[in-house]
Amino acid sequence: MNKERKLIIAGNWKMNKTVAEALALVNSLKLELAKVKEVDIVVCPPFTALESVSKAILESKNIRLGAQNMSENNFGAFTGEICAGMLKEFSVRYVILGHSERRQYQKESNELIARKAKAVHGASLKPIVCVGETLAEREAGQMEKVLETQVRGSLAGLTKEQTVETIIAYEPVWAIGTGKTATTQQAQEAHAFIRRLLVKLFDEAAAKKVRIQYGGSVKPNNAKELMSQPDVDGALVGGASLEARSFADIIKNSI
Ligand code: PGA
């Protein structure tokens, strides 16, 4: 597939996989995906498996490491938090921020996500900033308003250069873990809306460089069609990233 931006496909393992299970998964992925050059591949294990997975992919040319969250602070009395310096010890390159599960269960606000995004860039890591509307918001015709508030709020304070290095994940909440995928048209519309917003916030050249992932029940059988949309530049995969076969097939089918 000849895309304007390089595809980036990330597996969000969420709160799954012991160290042994994480190693088994990443070792299979290394074999399955050894030849793939066309896609940036990212795996995001839980914090407890970062060190082992990091060692396992040390010599991998195409699999990179991501974390699922990060503190906005660099050190100190923040019980239970993990900072950028700790992630960098394991060669983490990407950090998922503002996933809808954290927005919902940990009550993360756009303001907090923006502070975290700044900290991620401050450490020369790349944030994957998640946005997306609920079903009620979509049905009430609020999708664009919600996306605009989340994108503006979560990227607030980033420079143009930092924004270009930010990955945005459009994840309609009603499609996460439900088996309901947005249609390719719904995904493309939302992605194009986000890109137009980036033009307003910065300029056309910057907006063209930002990679926007789709997330929400991405599977091997729908990946190709989703990735073929002009403004869909990759995927953030939950459930289907927990097995080597399905995650590898999503990547191979997207090329
Ligand atoms: P899902 O999750 O692929 O299981 O729907 C996506 C996500 O939460 O990032």
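Model, not experiment: these values are computed from the prediction. (Residues numbered from 1 in each chain as written. Predicted model: local features only at pLDDT ≥ 70, side-chain atom pairs only at ≥ 80, totals over all residues. Heavy atoms only, no water.)

Peer 1: Run through the packing of helix α7 (residues 143-154) against helix α9 (residues 184-201), naming residues and quoting values.
Peer 2: Two measures define how a pair of helices packs: the angle their axes make with one another and the distance between the axes. Two numbers describe how α7 lies on α9: the axes approach to 10 Å, and their chain directions differ by 45°. By the criterion of interaxial angle, the relationship of α7 to α9 is oblique. With respect to the hand of their crossing, α7 and α9 are arranged in right-handed fashion. Residues M143, E144, L147, E148, V151 and R152 of α7 form the contact with α9, whose own contacting residues are A190, F193, I194, R196, L197, L198, K200 and L201. Residue composition of the contact of α7 with α9, by class: 9 nonpolar, no polar and 5 charged. (Axes fitted to C-alpha atoms, helices over the stretch in contact; angles between N-to-C directions. Helix = DSSP H or I, 4+ residues; strand = E, 2+ residues; numbered from the N terminus. Parallel < 35°, antiparallel > 145°, perpendicular 65-115°, else oblique. Left-handed = near helix turned anticlockwise from the far one by under 90°. Contact = heavy atoms within 4.5 Å. Nonpolar A, V, L, I, M, F, W, Y, C, P; charged D, E, K, R; others polar.)

Peer 1: Give a detailed account of α9, specifying residues and quantitative values.
Peer 2: When the terminal C-alpha atoms of α9 are compared, their 26 Å separation across 18 residues agrees well with the 26 Å that a helix rising 1.5 Å per residue should span. Those residues of α9 lying buried are T184, A187, Q188, A190, H191, A192, F193, I194, R195, L197 and L198. (Expected span 1.5 Å × (residues − 1). Buried < 20%, exposed > 50% of the residue type's maximum accessible area, 1.4 Å probe, protein only.)

Peer 1: Any details on the environment of S217? Residues and values, ideally.
Peer 2: Take S217: it is sitting in the loop between β7 (211-215) and α11 (220-227). Classification of S217 by relative accessible area gives buried; the value is 8%. Residues S217 and G177 lie 40 residues apart in sequence; the distance between their C-alpha atoms is 5.8 Å. Sequence-distant contacts of S217, that is, excluding residues within four places in its chain, are made with A175, G177, T178, G179, K180, T181 and N222. Engagement of the side chain of S217 in a polar contact is seen with the backbone nitrogen of G179, the distance being 2.8 Å. (Polar contact = N/O pair within 3.5 Å; in protein donor to acceptor, adjacent residues only side chain to side chain.)

Peer 1: So what's going on with the sheet that holds strand β8 (residues 234-237)? Residues and values would help.
Peer 2: The strand order β1-β2-β3-β4-β5-β6-β7-β8 describes a closed barrel built from 8 strands, whose pairing is parallel. Strand-to-strand, the axes of this sheet are offset by a mean angle of 25°, without reference to chain direction. Both strand β2 (residues 39-44) and strand β3 (residues 63-67) contribute to a ladder of 3 bridges, which runs parallel. Residue pairing for β3: V42 is matched across the bridge by R64. Sheet strands in contact with α7 are β5 (126-131) and β6 (167-170), and its direction is about 155° off that of β5. (Pairing = 2+ DSSP bridges.)

Peer 1: Give a detailed account of α7, specifying residues and quantitative values.
Peer 2: For α7, built from 12 residues, the straight-helix expectation of 16 Å at 1.5 Å per residue is met to within 8% by its first-to-last C-alpha distance of 16 Å. Residues of α7 that are buried include every one of M143, V146, L147, Q150, V151, G153 and S154, and no others. Elements in contact with the buried residues of α7: α4 (100-105), α5 (110-122), β5, α6 (135-139), β6 and α9.

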